Amino acid sequence: QVQLVESGGGLVQAGGSLRLSCVVSGTTFSGSSMGWYRQAPGKERELVASITWYGSTNYEDSVKGRFTISRDNAKNTVYLQMNSLKPEDTAVYYCKILSGTHIGTWGQGTLVTVSS
């Protein structure tokens, strides 16, 4: 059974940093592209960052230069380093498998709250 477990969310002041982790089990992680999404209250879920199996990355415009997605295939983990956080970054953050056999599988989410 494929499982994605996010962690690392919390409450942080504006300008602070957090690192989110998503541990994947039950599938061949190294061959899958992965994405981090977020959903703020009353808004649609949006793709924040993605990384291919070979490490190519893409970012949503509002997080470019502040967020960094990375992966450790040996640990079956994808990370989202978030720096210079803003109140508008407040959301539940989810990871998702973007390619491969288990494409479309989501984690349960982790809440990030940025206070002004």
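Everything here concerns the structure above.
Residues numbered from 1 in each chain as written. Predicted model: local features only at pLDDT ≥ 70, side-chain atom pairs only at ≥ 80, totals over all residues. Heavy atoms only, no water.

### Considering the pairing of strand S5 (residues 46-51)
Along a regular strand, successive side chains alternate from one face of the sheet to the other. Keep this limit in mind: A pair of strands is treated as paired once DSSP finds two or more bridges between them. In this description a helix means any DSSP run of H or I spanning at least four residues, a strand means any run of E spanning at least two, and both kinds are numbered starting from the N terminus.
Two strands pair when backbone bridges link them, and strand S4 (residues 34-39) and S5 are joined in this way by five bridges, in the antiparallel orientation. Within S5, the residue paired with Gly35 across the bridge is Ser50. Once S4 ends, the chain turns through six residues before running back antiparallel as S5, passing Gly42 with a positive phi of about 75 degrees. Two strands pair when backbone bridges link them, and S5 and strand S6 (residues 57-59) are joined in this way by three bridges, in the antiparallel orientation. The partner of Ser50 across the bridge, within S6, is Asn58. Linking two consecutive strands that pair antiparallel, namely S5 and S6, is a turn of five residues; a positive phi of about 100 degrees is found at Gly55 within it.

### Thoughts on the packing of aromatic side chains
Two aromatic rings are characterised by how far apart their centres lie and by the angle between their planes. Applicable threshold: Under the pairing criterion, centres of Phe, Tyr and Trp rings, with the six-membered ring standing for Trp, must be within 6.5 Å; the plane angle then separates stacked pairs below 30 degrees from edge-to-face pairs above 60, leaving the rest tilted. Throughout, exposure labels follow a simple rule: accessible area from a 1.4 Å probe, protein chains only, divided by the maximum for the residue type, with under 20% read as buried, over 50% as exposed, and the rest as partly exposed. Whether a charge lies above a ring is judged from NZ of Lys or CZ of Arg, which has to be within 6 Å of the ring centre and within 35 degrees of the ring normal.
Across all of its chains, the model carries three aromatic pairs by this definition. Centroid distance Tyr37 to Trp106: 4.8 Å. Interplanar angle 65 degrees. Geometry classified as edge-to-face. Of the two residues, Tyr37 is situated in strand S4 and Trp106 in the loop between strand S9 (91-97) and strand S10 (110-115); the sequence distance between them amounts to 69 residues. Judged by relative accessible area, Trp106 falls into the partly exposed class, the value being 32%. Sitting over the face of the ring of Tyr94, Arg45 holds its NZ or CZ atom 3.7 Å from the ring centroid. Above the ring of Trp106, the side-chain terminus of Arg45 is found at 4.4 Å from the ring centroid.

### A short note on the sheet that holds strand S1 (residues 3-7)
The criterion, for reference: To obtain each axis, a line is fitted to C-alpha atoms, and for helices this fit is confined to the stretch in contact; angles are then taken between N-to-C directions over 0 to 180 degrees.
Taken in spatial order, the four strands line up as S1-S3-S8-S7 in an open sheet, and their pairing is antiparallel. With partners counted over all chains shown, the strands left at the sheet margins are S1 and strand S7 (67-72), one partner each. Across the sheet, the axes of successive neighbouring strands diverge by a mean angle of 15 degrees, strand direction being ignored. Alignment of strand S3 (residues 18-25) against strand S8 (residues 77-82), held across six bridges, turns out to be antiparallel. Residue pairing in the sheet places Arg19 in a bridge with Gln81 of S8.

All quantities given are derived from atomic positions and should not be read as evidence of function.
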